[in-house]
Structures are given as structure tokens and as C-alpha cells.
Amino acid sequence: MQEIGHPATLFPMVEAGIGISILPALALPLPQGSHLQVKRLTPVVERQLMLARRKNRSLSTAAQALWEVVRTQANALTNLRAQDPLYQI
């Protein structure tokens, strides 16, 4: 077993036949021209990411903007997953 920290290192190793990998969907898509195949794990393994902030404290303008971007992107990704065959049961 080998722990690799970045998909850019992992994909060439798998393509070279060194082994297989389990990776989060956020590491996709595969590099263009890749000869790898992706299969969804069953049962589905999910993880939830949470945003945390202090109660009763307002955020700085920059922090509030980042908070909104993360929430917007999370909603967009959730909607895209519903249409992605990789996530269909």
C-alpha cells in the first residue's frame, strides 16, 4: 500500500500498472487522454463538509464573500451530481 498526496502523481502510477486507487470524486475528472477507467464504489461512501463560524459574530467582508462562494458552489455541485451517471445507483 502506498499513500499518494496528489492525483497528478497517482494517475501515471495507475496507468503504468503499479496498482489501483480509491480516490474522492473531487480528484476527477481524469486527465485528458487518460486510459484509466473510473467505477463508483458500492455501497456509496460519502462525506459531508461543513462550514463553521463563531456564533453572534459578523464576518469580515472577505470572509462573508468566501462563505457565500462556498455555499453557492456546494449547491451547484450537489445539483450536478444528480445528473452525473457516476453518482447514479
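Residues numbered from 1 in each chain as written. Predicted model: local features only at pLDDT ≥ 70, side-chain atom pairs only at ≥ 80, totals over all residues. Heavy atoms only, no water.

### Let's talk about the overall build of the chain
Turning to step 1, where the next piece is worked out: A count of helical and extended segments in the chain gives 2 helices and 0 strands.
Turning to step 2, where the next piece is worked out: For the chain, whose C-alpha radius of gyration is 17 Å, the value lies well above the compact-globule estimate of 12 Å for 89 residues.
Turning to step 3, where the next piece is worked out: Projected onto its principal axes, the C-alpha positions of the chain cover 55 × 30 × 25 Å.
Turning to step 4, where the next piece is worked out: Counting the 89 residues in the chain, one finds 4% classified as buried.
Turning to step 5, where the next piece is worked out: Pairs at least 24 residues apart make up 20% of the contacts formed inside the chain by residues separated by at least 6 positions.
Turning to step 6, where the next piece is worked out: Of the accessible surface of the chain, which amounts to about 8200 Å², a share of 57% is contributed by carbon and sulfur atoms.
Turning to step 7, where the next piece is worked out: Separation between the mean location of the 9 positive side-chain charges and that of the 5 negative ones in the chain comes to 14 Å. (Helix = DSSP H or I, 4+ residues; strand = E, 2+ residues; numbered from the N terminus. Rg over C-alpha atoms; globule rule 2.2 N^0.38 Å. Buried < 20%, exposed > 50% of the residue type's maximum accessible area, 1.4 Å probe, protein only. Contact = heavy atoms within 4.5 Å. Areas by Shrake-Rupley, 256 points an atom, 1.4 Å probe, with all protein chains shown as cover. Lys, Arg positive; Asp, Glu negative; His and termini not counted. Charge placed at Lys NZ, Arg CZ, Asp CG, Glu CD.)

### Observations regarding the packing of aromatic side chains
Turning to step 1, where the next piece is worked out: Summed over the entire model, instances satisfying the criterion amount to 0 aromatic pairs.
Turning to step 2, where the next piece is worked out: The lysine or arginine in question, Arg53, covers the ring of Trp67, its NZ or CZ lying 5.0 Å from the ring centre. (Phe/Tyr/Trp six-rings, centres within 6.5 Å; stacked < 30°, edge-to-face > 60°. Lys NZ or Arg CZ within 6 Å of the ring centre and 35° of its normal.)

### Considering the layout of surface pockets
A water-sized probe rolled over the atoms picks out the places where empty space is left.
Turning to step 1, where the next piece is worked out: What the second largest pocket holds in volume is close to 330 Å³.
Turning to step 2, where the next piece is worked out: The residue makeup of the lining of the second largest pocket, split by class, is 12 nonpolar, 5 polar and 1 charged. (1 Å grid on protein atoms, 1.4 Å probe; cavity = no way out; pocket = protein on both sides within 12 Å on 5 of 7 lines; lining within 4 Å. Points joined across faces, edges and corners; volume = space filled by probe spheres on them. Nonpolar A, V, L, I, M, F, W, Y, C, P; charged D, E, K, R; others polar.)

### Overview of a nonpolar patch on the surface
Turning to step 1, where the next piece is worked out: On the surface, Leu26, Leu49, Leu77 and Leu80 cluster together into a nonpolar patch covering about 450 Å² of accessible area.
Turning to step 2, where the next piece is worked out: Along the polypeptide, Leu49 turns up in the loop between helix 1 (7-15) and helix 2 (61-83). (Patch = residues over 30% accessible without salt bridge, like charges linked within 9 Å, V, L, I, M, F, W, Y side chains within 5 Å. Salt bridge = Lys/Arg side-chain N within 4 Å of Asp/Glu carboxyl O.)

### Some thoughts on unusual backbone geometry
Turning to step 1, where the next piece is worked out: Pro29 follows Leu28 through a cis peptide bond whose omega is 10°.
Turning to step 2, where the next piece is worked out: Structurally, the position occupied by Pro29 is in the loop between helix 1 and helix 2.
Turning to step 3, where the next piece is worked out: Cis geometry marks the peptide bond from Thr42 to Pro43; its omega dihedral reads 0°.
Turning to step 4, where the next piece is worked out: Within the fold, Pro43 resides in the loop between helix 1 and helix 2.
Turning to step 5, where the next piece is worked out: Not every positive phi belongs to a glycine, and Asn56 is a case in point at roughly 55°.

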